[in-house]
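Notes for the structure review
Residue strings, one per chain:
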Amino acid sequence: MSYPGVDFDVQAWQLLSPTDYVNPQPQSAYHLVVVGAGPAGLISAIGAAGLGAKVALVERHRMGGDCLNVGCMPSKSLLAFTEHQTNPDFNQAFEWLRQVRAGIAPHDSVERYTDAGVDVFLGDGEFNASGDVCVGDIVLKGRRVAICTGARAAVPGIPGLRESDPLTNETVFDLREKPESLAILGAGAIGCELAQVFARLGVRVELFEMAERVLPNESQLASATVAAALTAAGVTLHLGDPVQRVNGSGSIVTNNASVTCERVLVALGRQPNTAGMNLESAGVRVDEQGFIVSDAKLRTSNKKIFAAGDCTTRSQFTHHADAQARALIQNALFFPTAKVDGLIVPHCTYTYPEVASVGLSEDQLQAAGTLYEDYEIYFDELDRTKAMPFPEDLPRAAKGHARIFTAKGKDRILGATIVGADAGELLAPICLLMTQDLGLSAAQRTIFSYPTRSEYLKRLGDAYNRGRMTPFVARLFQRWMALIQPRG
């Protein structure tokens, strides 16, 4: 892959934060002033403008936020490239990343939003005592304000870590040279995904996690399956052994080991981008970690000011920010009737195999003392999977596994986890069932194409239906069959 004379990053940055851009003259007042042009802010701004509202949008860095620039799309581009290329090359993989990012950039560009009627202001947004947003000397007066400033990588106070000049998701995708070795701190979704990527690219990867397993918030089976895949890719796992300090530029010291790598990557959680906005002057309350405190209708302690996205919640997913933004538009511009406290929010780790979950896990159900029923299936029971030429040593769950929890004695889905290829796609119908308050009986009544992996849901619906065959119902059926006894 070669594009002589083409710099895709320059193309993207000129669209997302043009160097020659001049902020417009502000209108006397706006229906909505949005601070932050990540997913929540972009959807809030363009959605409100599409309804005829006067909208101002403030962004201090680049349009698109983390998802486009340093999050979802760069990581998924690298995962896809390294999975589908034989002996993937580091430079080609990162060039593909930049090409994908540049291809999406027009959708989030300054030009697209100005063409949609949004006044875009590039610069730091800060509140004054009146609750107005200031960008330098420009004062933006809004009937309502939406804070959508997102979050950034957290770098904990491990001795020597900051001094080692660690990579984060904000810098790792800018690499231009392949490191010989990489220590990754944190085996959550980001840590596991990038561990698999860099191992495929021929980098020695050491993955550290203080919990006893990777993906500690997922099921035991999901964790074990992903751990096996990482090990098979060449990743060395250091589990249940917290990092004590970092010496020099990359010597990781735990209780039981000392490992030296060329670079260190931190994947240990996120912290909100709320500092420096003068929120206290505007009467906007934050919690002890800096997250904005908001109610189910996204209203902050200043009822004129709303907040959405990663700066408000620890459930930090682009699709969650999208859903919050849609509620924000309703509540900020019309009658405040939309609530976000009951949203069904799935999440997915895009390793191979993928892990996708929604709702409550078994650990959460047991901790809450909730009575539940458990339905599971391995996809190698499905004819479509039997036709797939998997390696003989591949763990059974890696071929596909689904587990669904329902309320005891009720046709209501409480949670689900799927492991396997395209797990995020296969989880979608479960999310739909849960959102529409439908149970597994609805899946049992649905016709699925044969042979497909989506038949797993039909199988689980059948299992649920068989579970309704109580002794009493069985006796009724027996009596009915006796009444209609066939005659010779």
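Before going into details, it helps to say that this report is about the structure given with it. (Residues numbered from 1 in each chain as written. Predicted model: local features only at pLDDT ≥ 70, side-chain atom pairs only at ≥ 80, totals over all residues. Heavy atoms only, no water.)

1. So, the pairing of strand β1 (residues 30-35)
- Of all six residues making up β1, five are buried, and the element is well covered by its neighbours.
- Inspection of the sheet shows β1 paired to strand β7 (residues 142-147) by five bridges, in the parallel sense. Note on β7: the bridge partner recorded for V35 is I147.
- Read as a crossover between parallel neighbours, the route from β1 over helix α2 (residues 39-50) to strand β2 (residues 55-59) is right-handed. (Buried < 20%, exposed > 50% of the residue type's maximum accessible area, 1.4 Å probe, protein only. Helix = DSSP H or I, 4+ residues; strand = E, 2+ residues; numbered from the N terminus. Pairing = 2+ DSSP bridges. Right-handed = clockwise from strand over helix to strand, strands pointing away.)

2. Observations regarding the nonpolar core
- If you look at the biggest cluster of nonpolar residues, it comprises 37 residues, and the most contacted ones within it are L32, V34, V55, L57, M63, V118 and L328.
- Elements with a minimum of two residues in this core: α1 (8-16), β1, α2, β2, α6 (110-115), β3 (118-122) and α9 (318-333).
- By residue number, the principal contributor to this core is α9, which donates six residues.
- What L32 contacts, discounting residues up to four positions off in sequence, is S44, A48, K54, V55, A56, R144, V145, A146, L328, A332 and L333.
- Counting residues in each nonpolar core, the second largest holds 35 residues, with L79, V197, V203 and V419 among its members. (Core = buried A, V, L, I, M, F, W, Y, C linked by side-chain atoms within 4.5 Å. Contact = heavy atoms within 4.5 Å.)

3. Topic: helix α4 (residues 72-84)
- Its 13 residues place the ends of α4 18 Å apart at the C-alpha level, agreeing with the 18 Å of an ideal helix rising 1.5 Å per residue.
- Buried within α4 are the following residues: P74, S75, S77, L78, L79, F81 and T82.
- Where α4 is buried, its residues touch α3 (65-69), α5 (90-104) and α7 (189-200). (Expected span 1.5 Å × (residues − 1).)

4. Quick notes on the layout of surface pockets
- Empty space within the second largest pocket amounts to approximately 520 Å³.
- The wall of the second largest pocket is formed by 23 residues, among which E83, Y352, E354, A421 and D422 lie closest to the centre.
- Elements with a contribution of two residues or more to the lining of the second largest pocket: α4 and α11 (383-386).
- With five residues, α4 is the single largest residue contributor to the lining of the second largest pocket. (1 Å grid on protein atoms, 1.4 Å probe; cavity = no way out; pocket = protein on both sides within 12 Å on 5 of 7 lines; lining within 4 Å. Points joined across faces, edges and corners; volume = space filled by probe spheres on them.)

5. A short note on helix α14 (residues 455-467)
- Under the 1.5 Å per step criterion, the end-to-end length of α14 is 19 Å for 13 residues, consistent within 8% with the ideal 18 Å.
- Against the buried residues of α14 lie β20 (372-378), β21 (401-407), β22 (413-420), α12 (423-435) and α13 (440-445).

6. Observations regarding the packing of α2 against α9
- Contact geometry of α2 with α9 gives a least axis separation of 8 Å together with a crossing angle of 40°. The two elements α2 and α9 cross, and the hand of that crossing is right-handed. Of α9, the residues touching α2 (which contributes P39, A40, I43, S44, G47 and A48) are T318, A321, D322, A325, R326, L328, I329 and L333.
- Across the contact of α2 with α9, the residue classes tally to nine nonpolar, three polar and two charged. (Axes fitted to C-alpha atoms, helices over the stretch in contact; angles between N-to-C directions. Left-handed = near helix turned anticlockwise from the far one by under 90°. Nonpolar A, V, L, I, M, F, W, Y, C, P; charged D, E, K, R; others polar.)

7. Structural notes on the side chain of N169
- Of note, N169 is situated in the loop between β8 (151-153) and β9 (181-185).
- From its side chain, N169 meets the backbone oxygen of V70 in a polar contact 2.8 Å long.
- Beyond its immediate sequence surroundings of up to four residues, N169 is in contact with D66, V70, A153, L265 and R270. (Polar contact = N/O pair within 3.5 Å; in protein donor to acceptor, adjacent residues only side chain to side chain.)

8. Section: the pattern of salt bridges
- Tallied over the entire structure, the rule returns 18 salt bridges.
- Between K76 and E193 there is a salt bridge, with the nearest N and O atoms lying 3.0 Å from each other. Note that K76 is positioned in helix α4 and E193 in helix α7, a separation of 117 residues in sequence.
- Exposure remark for K76: the relative accessible area of 23% places this residue in the partly exposed category.
- A residue is classified by how much of its surface remains accessible, and E193, at 4% relative accessible area, is buried.
- In this structure, E95 and R98 form a salt bridge, with 3.2 Å as the shortest nitrogen-oxygen distance. Here R98 and E95 lie together in helix α5, a separation of three residues that amounts to about one turn. By the burial criterion, E95 is buried, and R98 matches it. (Salt bridge = Lys/Arg side-chain N within 4 Å of Asp/Glu carboxyl O.)

9. Observations regarding the pairing of β9
- Burial analysis of β9 places five of its five residues in the buried class, the great majority of the element.
- In β9, alternate side chains face the same way, and those of S181, A183 and L185 on one face and L182 and I184 on the other are all buried.
- Strand direction decides the pairing type here: β9 and strand β10 (residues 204-209), joined by five bridges, are parallel. For L185, the partnering residue across the bridge sits in β10 and is F208.
- Note on the crossover from β9 through α7 to β10: the handedness is right-handed.
- Of the pairings in the sheet, the one linking β9 to strand β15 (residues 263-266) comprises four bridges and is parallel in character. Along β15, the bridge assignment pairs L185 with V266.

10. Points about the packing of aromatic side chains
- For the structure on display, the rule yields five aromatic pairs.
- Pairing Y372 with F405 gives two aromatic rings, centres 5.4 Å apart and planes at 90°, and the pair type is edge-to-face. Residue Y372 is found in strand β20, and its partner F405 is found in strand β21; the two are separated by 33 residues along the sequence.
- What makes Y372 partly exposed here is its relative accessible area of 21%.
- Note on F405: relative accessible area 4%, which makes it buried.
- An aromatic cluster is built from F90, F94 and F198, whose rings are joined through pairwise contacts.
- Taking NZ or CZ as reference, R62 lies 3.5 Å from the ring centre of W13, over its face. (Phe/Tyr/Trp six-rings, centres within 6.5 Å; stacked < 30°, edge-to-face > 60°. Lys NZ or Arg CZ within 6 Å of the ring centre and 35° of its normal.)

11. Details of the environment of E376
- Within the element layout of this structure, E376 appears in strand β20.
- Judged by its relative accessible area of 44%, E376 falls in the partly exposed class.
- Measuring from C-alpha to C-alpha, the distance between E376 and L460 comes to 7.0 Å, with 84 residues separating the pair along the chain.
- Here E376 is in contact with H401, A402, R403 and L460, once residues within four sequence places are set aside.
- A polar contact is formed between the side chain of E376 and the side chain of H401, at a distance of 2.7 Å.

Read these as layout, nothing more, since geometry by itself doesn't imply function.
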